[in-house]
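# Coordinate analysis (summary)
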Amino acid sequence: MSADQKEAMNIYSVTLNGPAPWGFRLQGGKDFNMPLTVSRLTPGGKAAQAGVGVGDWLVSISDANAEEMTHVEAQNKIRAASDSLALTLSSHGVTPCPAKSKPADKPDEVEVPAEAPMNSGPACRPPWVTDSGFADRYHPDKTSTVVTQHQKPVQPTPMQNRSSIMQAAQQNPADSSGRTPLCAACNKIIRGRYVVALGRSWHPEEFTCCQCKRMLDEGGFFEEKGSIYCTKCYDNRYSPNCAKCKKKITGEIMHALKMTYHVQCFLCAACKMPIRNQAFYMEEGEPYCERDYEKMFGTKCHGCDFKIDAGDRFLEALGYSWHDTCFVCAICQINLEGKTFYSKKDKPLCKSHAFSPV
């Protein structure tokens, strides 16, 4: 592409220095028959500081042509850039209602209908809305496009509710039968001190961990598949790893996103409080509690000023987001979804009221 062509299309390049997050979100893609455009910027984020604008069209991502990328391919390309992200963009992206140079009191005519609601049809609905299995196939901890609310995680599993129960051996319990005990390990008569565990009697020195051979006459032990373990060896062998810190989980186990975590490792990225069994959202690979997500990333309808919840029907026009039922003529309140409309002072107008005072 020549320099003159780039200038005509207002093409510019930026390099965002890592680490992520980069501070912007995308919409569109080849799979939506729409160009990849910047749909939202984090105030003060890396993209906003570099001069990237909402609605700008992505020409390339890390020198790869973005015009042929699907939405997920673009997200994967962005995630792969851990240290720095090079973007080429055009500020002539397609917008729902382009401004035109006309007298101040004359409305701007829109030659195309308002963008259809995000859940009006497969061609213009994002996959996280249309496909209930999207979060499973494209793991939610690796994508910045998941806007659905995650179900409450499973209540942390206490240590005593694991598949194997920690037990304790009894030393020299009273035996009313008067029988001389036999050791379950060597099958010899026990004379003197002995322990009882798992319904059998043992010489103390023969009731040991199968891994480290430590005597288990004091403290707890676990039985797993016929073998006896001290608590340390059992945790090393059977306790799950935390998906965050990669260390063994020896206390409460947090289940979320089909993985396991220490309770203190699965935190809201904003307030740093454990999420435990509360609902949460994912944004750029980080979990957020419901309160902080709405505060930082929540989208409000420009018509009613109430937030647009995950799964709500909505459309984008005049640079704002609207509930499909809120995008109406400012004069007669007729719904303008999918219809040609005019605008004056950022308010939509139907054809009949295009020249009416607002």
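Residues numbered from 1 in each chain as written. Predicted model: local features only at pLDDT ≥ 70, side-chain atom pairs only at ≥ 80, totals over all residues. Heavy atoms only, no water.

Cut-off, in case you're wondering: UniProt positions are given in the numbering used here, feature names are shortened, and annotations may be inferred rather than shown by experiment.
Going by the annotation in an unreviewed UniProt entry, the name recorded for the protein is PDZ and LIM domain protein 7, with Cyprinus carpio given as the source organism. Its UniProt record, at the heading Subcellular location (unreviewed entry), says of the protein: "Cytoplasm, Cytoskeleton".

## A look at the overall build of the protein
The condition is simple: A run of H or I in DSSP becomes a helix once it reaches four residues, and a run of E becomes a strand once it reaches two; helices and strands are each numbered from the N terminus. Working rule for contacts: check all heavy atoms of both residues, and any pair within 4.5 Å makes them a contact. Accessibility throughout is a Shrake-Rupley quantity obtained with a 1.4 Å probe, and a residue counts as covered only by protein chains that appear here.
Along the protein, the regular secondary structure elements total 7 helices and 22 strands. Taking contacts inside the protein between residues at least 6 apart in sequence as the whole, the part at least 24 apart equals 46%. Carbon and sulfur atoms provide 50% of the accessible area of the protein, an area that totals close to 19,600 Å².

## Here's the deal with the pairing of strand 16 (residues 259–262)
The test is simple: DSSP calls a pair of strands paired once it identifies at least 2 bridges connecting them.
As defined by bridge partners, strand 15 (residues 253–256) adjoins strand 16 across 4 bridges and the pair is classed as antiparallel. Following the sheet pairing, alanine 256 is matched in strand 16 by methionine 259. Turn length for the strand 15-strand 16 hairpin, with the two strands adjacent in sequence and antiparallel, is 2 residues, and the turn residue leucine 257 shows positive phi of about 55°.

## A few points about the nonpolar core
Definition in use: Think of a nonpolar core as a cluster: buried Ala, Val, Leu, Ile, Met, Phe, Trp, Tyr and Cys residues, connected wherever their side-chain atoms sit within 4.5 Å. Burial classification: accessible surface area is computed with a 1.4 Å probe over protein chains only, and a residue below 20% of its type maximum counts as buried, one above 50% as exposed, and the rest as partly exposed.
If you look at the biggest cluster of nonpolar residues, it comprises 19 residues, and the most contacted ones within it are Leu16, Phe24, Leu58, Ile61, Leu85 and Leu87. If you list the elements that add at least two residues to this core, you get strand 1 (11–17), strand 2 (24–29), strand 3 (34–41), strand 4 (57–61), helix 3 (71–80) and strand 6 (84–90). In terms of residue count, strand 6 provides more of this core than any other element does, 3 residues in total. With residues near it in sequence (within four places) discarded, leucine 16 still touches Trp22, Phe24, Lys46, Ala47, Ala50, Asp83, Ser84, Leu85 and Leu87. Listed in part, the 18 residues of the second largest apolar core include Cys242, Ile253, Met254 and Cys268.

## Thoughts on the pattern of salt bridges
Our working definition: Note on definitions: salt bridges are taken to be side-chain nitrogens of Lys or Arg within 4 Å of carboxyl oxygens of Asp or Glu.
Applying the stated criterion to the full structure yields 6 salt bridges. Across the pair glutamate 252 and arginine 276 runs a salt bridge whose closest N-O atoms are separated by 3.5 Å. Taken together, the residues glutamate 252 in the loop between helix 6 (231–238) and strand 15 and arginine 276 in the loop between strand 16 and strand 17 (280–283) connect sequence positions 24 residues apart. Residue arginine 313 pairs with glutamate 337 through a salt bridge whose shortest N-O separation is 3.4 Å. Pair noted here: arginine 313 is in the loop between helix 7 (290–297) and strand 19 (314–317) and glutamate 337 is in the loop between strand 20 (320–323) and strand 21 (342–344), with a separation of 24 residues, a long-range link. Connected through shared salt-bridge partners, Arg313, Asp324 and Glu337 make up one network.

## Digging into helix 6
Because each turn of an α-helix spans 3.6 residues, side chains separated by three or four positions in sequence point in the same direction. Within the sequence span of helix 6, burial applies to Cys233, Tyr234 and Asp235. In this structure, the buried side of helix 6 is in contact with strand 13 (220–224) and strand 14 (227–230).

## Comments concerning unusual backbone geometry
Unusually for a residue other than glycine, lysine 225 sits at a positive phi of about 55°. In this structure, lysine 225 sits in the loop between strand 13 and strand 14. Phi is positive for glutamine 333, close to 65°, though the residue is something other than glycine. You can see glutamine 333 is positioned in the loop between strand 20 and strand 21. Note on glutamine 333: relative accessible area 48%, which makes it partly exposed.

## Remarks on the environment of lysine 77
Within the secondary structure layout, lysine 77 lies in helix 3. Taking C-alpha positions, lysine 77 is 7.1 Å from isoleucine 61, a pair spaced 16 residues apart along the chain. In this structure lysine 77 touches Ile61, Ser62, Ala64 and Met69, once residues within four positions along its chain are discounted.

## Considerations on the pairing of strand 3
Looking at chain direction, strand 2 and strand 3 are connected through 5 bridges and run antiparallel. The residue of strand 3 that forms the bridge with phenylalanine 24 is leucine 41. If you look at the hairpin formed by strand 2 and strand 3, you'll find 4 residues sitting between the two strands, and asparagine 33 has a positive phi there, around 55°.

## Overview of the state of the cysteines
In plain terms, the rule: Counting rule for disulfides: a pair of cysteine sulfur atoms within 2.5 Å.
This model, assessed by the stated rule, comprises 0 disulfides. You can see cysteine 271 has no disulfide; the closest cysteine sulfur is in cysteine 268, sitting 3.6 Å from it. Owing to a relative accessible area of 26%, cysteine 271 belongs among the partly exposed residues under this scheme.

## Some points on the environment of phenylalanine 32
Mapped onto the elements, phenylalanine 32 comes out in the loop between strand 2 and strand 3. Between the alpha carbons of phenylalanine 32 and threonine 70 there is a distance of 7.8 Å; along the sequence they are 38 residues apart.

## What about the packing of aromatic side chains?
Worth spelling out the cut-off: Aromatic pairing here means that ring centres of Phe, Tyr or Trp (its six-membered ring) are within 6.5 Å. Orientation follows from the plane angle: under 30 degrees is stacked, over 60 is edge-to-face, and everything else is tilted.
In this structure the tally under the stated criterion is 11 aromatic pairs. Seen from their ring centres, tyrosine 229 and tyrosine 234 are 6.4 Å apart, and the 65° between their planes marks the pair as edge-to-face. Judged by its relative accessible area of 3%, tyrosine 229 falls in the buried class. Seen in terms of ring centroids, tyrosine 234 and tyrosine 238 are 5.2 Å apart; in terms of plane orientation they differ by 35°. Their pairing is tilted. With tyrosine 234 and tyrosine 238 both in helix 6 and 4 residues apart, the pair spans about one turn of that helix. Owing to a relative accessible area of 27%, tyrosine 238 belongs among the partly exposed residues under this scheme. Taken together through their ring pairs, the aromatic side chains of Phe222, Tyr229, Tyr234 and Tyr238 make up a single cluster.

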